[in-house]
Amino acid sequence: MVVVGITGGIGSGKTTIANYIKSFGIPLYVADKEAKALMNRSKVIKRKLIQLFGDKAYVDGKLNRPFLAKMIFNDKSLLNQMNAIVHPKVASHFKRWLKKQDAPYILKEAAIIFENNLQSNYDYIITVVADENLRIERILDRDDTTQEKIKAIINNQWTDSQKKELSDFVISNNDLDQAKKQALQIHTKLLKITAE
Ligand SMILES: CC(C)(COP(=O)(O)OP(=O)(O)OC[C@H]1O[C@@H](n2cnc3c(N)ncnc32)[C@H](O)[C@@H]1O)[C@@H](O)C(=O)NCCC(=O)NCCS
Ligand SMILES: Nc1ncnc2c1ncn2[C@@H]1O[C@H](COP(=O)(O)OP(=O)(O)OP(=O)(O)O)[C@@H](O)[C@H]1O
């Protein structure tokens, strides 16, 4: 099965574009969503996260997202330790999901691919880019957050130009209609490649 990764910085629009490609019948695995679900469901992950962050990691048995965000996005070592607990479980969950799919290719949305040197897990990588000021505006509109918090996250992610260099396809999403056109072209190309 051909695995296509779709990535991009916070607010670039990767979820929006991934859902657009999904609407053509392409199965979509959203790593961030599955990671959060596993962090709420898996007893092993819960125990390890409480070991790492203390009891505040969960409130009434649910992941304490604001607390964790504050901890990890200001401390790279904690971010890496959390990823080391969560990501192997997501990887095995993804493997099981992949076995059940039947399509020309599947799309996996992941916030971090290059940052953790995971490019070799993908056959092709699409990076969604957008101007930083637009990304910040979108997140301020979408979430109850601050410019400062968004910048802390951006500082933990690679820049668009670093990601572009290692990507097979780049979608520029300053304008949604233009981005959708590019996404459709890439989808058509991928169907061609996978049919060969
Ligand atoms: C730390 C958490 C609880 C904060 O939740 P919150 O709702 O405040 O933020 P949100 O999930 O919207 O993430 C904000 C931004 O950070 C990025 N991000 C999320 N997790 C990570 C991570 N582990 N490393 C780097 N960037 C990340 C997201 O893509 C997004 O761009 C949450 O991000 C989380 O559970 N992360 C772990 C899951 C994970 O590893 N996701 C990335 C897998 S690809
Ligand atoms: N071209 C666009 N023009 C205006 N708004 C957009 C555009 N693309 C996406 N958005 C909006 O911006 C917000 C962020 O988009 P989206 O959630 O797809 O980004 P993301 O890269 O997945 O973000 P995150 O990294 O936080 O998960 C959403 O509210 C979305 O509807």
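Here goes a summary of the coordinates provided.

Procedures and definitions
- Residues numbered from 1 in each chain as written.
- Chains lettered and ligands numbered in written order.
- Predicted model: local features only at pLDDT ≥ 70, side-chain atom pairs only at ≥ 80, totals over all residues.
- Heavy atoms only, no water.
- Near = heavy atom within 4 Å.
- Polar contact = N/O pair within 3.5 Å; in protein donor to acceptor, adjacent residues only side chain to side chain.
- Areas by Shrake-Rupley, 256 points an atom, 1.4 Å probe, with all protein chains shown as cover.
- Helix = DSSP H or I, 4+ residues; strand = E, 2+ residues; numbered from the N terminus.
- Nonpolar A, V, L, I, M, F, W, Y, C, P; charged D, E, K, R; others polar.
- Buried < 20%, exposed > 50% of the residue type's maximum accessible area, 1.4 Å probe, protein only.
- Arc of directions from axis to C-beta.
- Contact = heavy atoms within 4.5 Å.

Neighbouring ligand 2 are 16 residues, the closest being Lys 14, Thr 15, Thr 16, Arg 142 and Asn 173. Measuring from an oxygen atom of ligand 2, one finds a side-chain N or O atom of Thr 15 at 2.6 Å. In the complex, the protein chains occlude 72% of the 630 Å² of accessible area that ligand 2 would expose alone. Secondary structure elements with two or more residues in the shell around ligand 2: α1 (14-22) and α6 (132-142). Of the residues in the shell around ligand 2, the class split is three nonpolar, eight polar and five charged.

Burial in helix α4 (residues 65-72) covers these residues: Phe 67, Leu 68 and Ile 72. Down the axis of α4, the sector holding all buried residues measures 115°, keeping them to one side. Those residues of α4 that are exposed and angled more than 90 degrees off the buried face are Pro 66 and Lys 70. Structurally, α4 contributes buried residues whose contacts are with α2 (31-41), α3 (43-53), β4 (62-63), α5 (76-99) and α7 (147-156).

So, about the side chain of Lys 163. As for its position among the elements, Lys 163 is in helix α8 (residues 160-166). The residues touching Lys 163, leaving out its near neighbours within four places in the chain, are Gly 8, Gly 9, Phe 114, Glu 115, Thr 127, Gln 157 and Trp 158.

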